[in-house]
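Listed below, chain by chain, are the residues.
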Amino acid sequence: MRTVYSGFAVALGAAVTLVLWSAGGLWSAGAQAHNIVSTIVNAPLSASGTVKDARVGINVYLDSAAAPGLEFMDPAVTGFGIAPGGRLEIEMAEGFERDWSVELTQNAIMMVTGAPQQGLPGKAVGYTVGEGDNENTFVITPTGDQGLPAATLMSPAPGAKADPIRQRGLKVIHIGFQQSAFYNRGNRGRVEVRFVDAAGKVTSRGAATIDFLSAPVAQVLPTNFPDKRRNHNWQRAAAGQTLGQAPGSVPLALLLYDRAQGLTGAALYAFKAGIAGAGVLSTPQLKAMGYDKPAAIARYNGGLIVQDTDGDGRLDPAKDRIIGGVIARAPAGAKGQELRSLELDGQPVLSAATETLVPKAGKRWGGALMLLQFTAGSLAGKYRPTLALLRDPEDLGSGDGSSYTYTIVVE
């Protein structure tokens, strides 16, 4: 039976620069020099994690030469492990200021497998968190003699056991978890990641920099709060199958934070307001309504993200608020693919405060949950809808402020 729901990233303005390290004998034997840090993005539990002078809330995405970028997040790809006697070092190398009232402990960092994230808490999987040779470096040290083998490193999230393909190994580092030990200072920050073996040799390393946002933007972020934290990304589907409706599948889930306008300091960090009443009208739905997209948002070839402003529970871009859209990518020649709001009994399920669906997580992290269903296209391959929010929803020509891309594999 499908689950019945009662309700219910990358900031494009935060440019990322990758730093490729010289081999210099610091890589594993026979391995080509590869920067294992793919990118740095706003963390999926923060409305302002990449804003200048705000507290840090970022995700550091890792990858490999064999599976670069988004491909590394495929659950069929195994992530990193930590060698017996070894450790993982994460250095906030440049652009971050330490808050000495917050210690470098598990509260300030979490290892993650996949995106959206399924956490790898130290007590459950076997590691400790401490401070490195300088005050800006986290050190993660396995507690067992076998280290943390990638092949068996899996999240204890309750829903993970129901994932058709389990995520294995470390793929993401969440910095600024339940607490944030750093502030974003200056215009950009740089994070370095190093895997070190028992002999003290760096076997893999990488770094990236992120340009801080000058002001907050609304955030659309991946989440797996529903369905006991199952992996909602990288689902496999047959042509014509609808994720979120088909037995065993789950909707595409997103966490929406409103723009934290005019806030600074503690108020900015504490901001949790979500965007309620939002959903997606697909391109076929828009055509059926006779709606033509304005030229300023023609890039949204997959549909529009609309917020219900008259409270009738339905979406109409002619009278409701357009807050973003869907940029769809599919195999050439594919037909029938469609992303739209999850429907129950013929009615769209619009975004609602997170705590209405997941009370414990919602109370802590706030935001609003938006659930979408995706109908797989006619051809095998990877379908990648990108959901983007306008930088300023009052100006359709303002460009995109934040976005997130889901991957669906049609087999």
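Look above for the structure.
Residues numbered from 1 in each chain as written. Predicted model: local features only at pLDDT ≥ 70, side-chain atom pairs only at ≥ 80, totals over all residues. Heavy atoms only, no water.

Enquirer: Quick question: what am I supposed to make of the packing of aromatic side chains here?
Expert: The geometry of an aromatic ring pair is captured by the separation of the ring centres together with the interplanar angle, meaning the angle of the planes. As enumerated under the stated definition, the model contains 7 aromatic pairs in all. Note on Phe72 and Phe80: the rings are 5.8 Å apart at their centroids and 55 degrees apart in plane angle, and the pair reads as tilted. Phe80 shares its class with Phe72; the two are buried. Relative to Tyr406, the ring of Tyr404 lies with its centre 5.4 Å away and its plane at 85 degrees, an arrangement referred to as edge-to-face. We classify Tyr404 as buried; its relative accessible area is 7%. The class for Tyr406 is buried, based on a relative accessible area of 0%. One aromatic cluster in this structure is built from Phe72, Phe80 and Phe195. The ring of Tyr269 has Arg55 lying over it, and the distance from NZ or CZ to the ring centre is 5.4 Å. Across from the ring centre of Tyr300, 4.5 Å away, lies the NZ or CZ of Arg299, which sits over that ring. (Phe/Tyr/Trp six-rings, centres within 6.5 Å; stacked < 30°, edge-to-face > 60°. Buried < 20%, exposed > 50% of the residue type's maximum accessible area, 1.4 Å probe, protein only. Lys NZ or Arg CZ within 6 Å of the ring centre and 35° of its normal.)

Enquirer: Can you walk me through the pattern of salt bridges in this structure?
Expert: For side chains bearing opposite charge, pairing can occur when the charged atoms are close. Scanning the model with the defined rule gives 23 salt bridges in all. With a shortest N-O distance of 2.4 Å, Lys382 and Glu71 are connected by a salt bridge. With a gap of 311 residues between them, Lys382 in strand 27 (residues 381-383) and Glu71 in the loop between strand 4 (58-62) and strand 5 (87-94) connect regions that are remote in the sequence. For Lys382, a relative accessible area of 38% translates into the label partly exposed. Salt-bridge contacts for Glu71 lead to Arg384; the nearest nitrogen and oxygen are separated by 2.6 Å. (Salt bridge = Lys/Arg side-chain N within 4 Å of Asp/Glu carboxyl O. Helix = DSSP H or I, 4+ residues; strand = E, 2+ residues; numbered from the N terminus.)

Enquirer: What am I meant to see in the sheet that holds strand 16 (residues 235-237) here?
Expert: Paired through backbone hydrogen bonds, the strands of a sheet run either parallel or antiparallel to each other. Taken in spatial order, the 3 strands of this open sheet run 16-30-27, and their pairing is mixed. A single partner strand is all that each edge strand has here, and the edge strands are strand 16 and strand 27. Neighbouring strand axes in the sheet, compared pairwise and without regard to direction, differ in orientation by 30 degrees on average. For strand 16 and strand 30 (residues 408-410), the ladder comprises 3 bridges, and the chain directions are parallel. Bridge pairing in strand 30 places Gln235 opposite Ile408. (Pairing = 2+ DSSP bridges. Axes fitted to C-alpha atoms, helices over the stretch in contact; angles between N-to-C directions.)

Enquirer: Mind showing me how you'd approach the layout of surface pockets here?
Expert: In this approach the atoms are scanned with a rolling probe the size of a water molecule, which exposes any empty space left behind. The computed volume of the largest pocket comes to approximately 810 Å³. Lining the largest pocket we find 28 residues, and of these Phe177, Gln178, Arg229, Arg364 and Trp365 sit closest to its centre. Of all the elements, helix 4 (residues 359-365) adds the most residues to the lining of the largest pocket, at 4 residues. Looking at the lining of the largest pocket residue by residue, the class counts come to 13 nonpolar, 11 polar and 4 charged. Space inside the second largest pocket adds up to approximately 270 Å³. Lining the second largest pocket are 19 residues, and of these Leu45, Ser46, Phe177, Tyr269 and Trp365 lie nearest its centre. Within the residue set of the lining of the second largest pocket, elements represented by two or more residues are helix 2 (265-270) and helix 4. When residues of the lining of the second largest pocket are assigned to their parent elements, the largest contribution, 3 residues, is made by helix 2. Tallied by class, residues from the lining of the second largest pocket come to 11 nonpolar, 6 polar and 2 charged. (1 Å grid on protein atoms, 1.4 Å probe; cavity = no way out; pocket = protein on both sides within 12 Å on 5 of 7 lines; lining within 4 Å. Points joined across faces, edges and corners; volume = space filled by probe spheres on them. Nonpolar A, V, L, I, M, F, W, Y, C, P; charged D, E, K, R; others polar.)

Enquirer: What exactly am I supposed to notice about the pairing of strand 11 (residues 172-175) here?
Expert: The side chains of a regular strand alternate between both faces of the sheet. The alternating pattern of strand 11 places Val172 and His174 on one face and Ile173 and Ile175 on the opposite face, and all of these are buried. Here strand 4 pairs with strand 11 via 4 bridges, running antiparallel. In the sheet register, Asn59 faces strand 11, and the bridge partner there is His174.

Enquirer: Before we go on, may I ask you to explain the nonpolar core in this structure?
Expert: Within soluble globular proteins, side chains that are nonpolar tend to cluster in buried spots. Core analysis: the largest hydrophobic core is formed by 96 residues, its most contacted members being Val60, Leu62, Leu88, Phe138, Ile173, Ile175 and Leu387. Looking at this core, the element that brings in the most residues is strand 18 (residues 252-257), giving 6 residues. Sequence-distant contacts of Leu62, defined by excluding residues within four places in its chain, comprise Ile36, Val37, Ser38, Phe72, Met73, Phe80, Leu170, Lys171, Ile173, Val193 and Phe195. The next biggest cluster of nonpolar side chains, apart from the first, holds 12 residues, and it includes Tyr300, Val306, Leu315 and Ile322. (Core = buried A, V, L, I, M, F, W, Y, C linked by side-chain atoms within 4.5 Å. Contact = heavy atoms within 4.5 Å.)

Enquirer: For this particular structure, what's the right way to read the environment of Asn301?
Expert: Turning to its location among the elements, Asn301 is positioned in the loop between helix 3 (283-289) and strand 20 (303-307). Assessed through its relative accessible area of 40%, Asn301 is described here as partly exposed. Spatially, the C-alpha atoms of Asn301 and Ala328 are 6.1 Å apart, while their sequence positions differ by 27 residues.

Enquirer: Before we go on, may I ask you to explain the side chain of Asn42 in this structure?
Expert: By secondary structure assignment, the location of Asn42 is in strand 3 (residues 37-42). Here Ser46 takes part through its backbone oxygen, which lies 2.8 Å from a polar atom of the side chain of Asn42. Of the polar contacts made by the side chain of Asn42, one reaches the backbone nitrogen of Thr50; its length is 3.4 Å. (Polar contact = N/O pair within 3.5 Å; in protein donor to acceptor, adjacent residues only side chain to side chain.)

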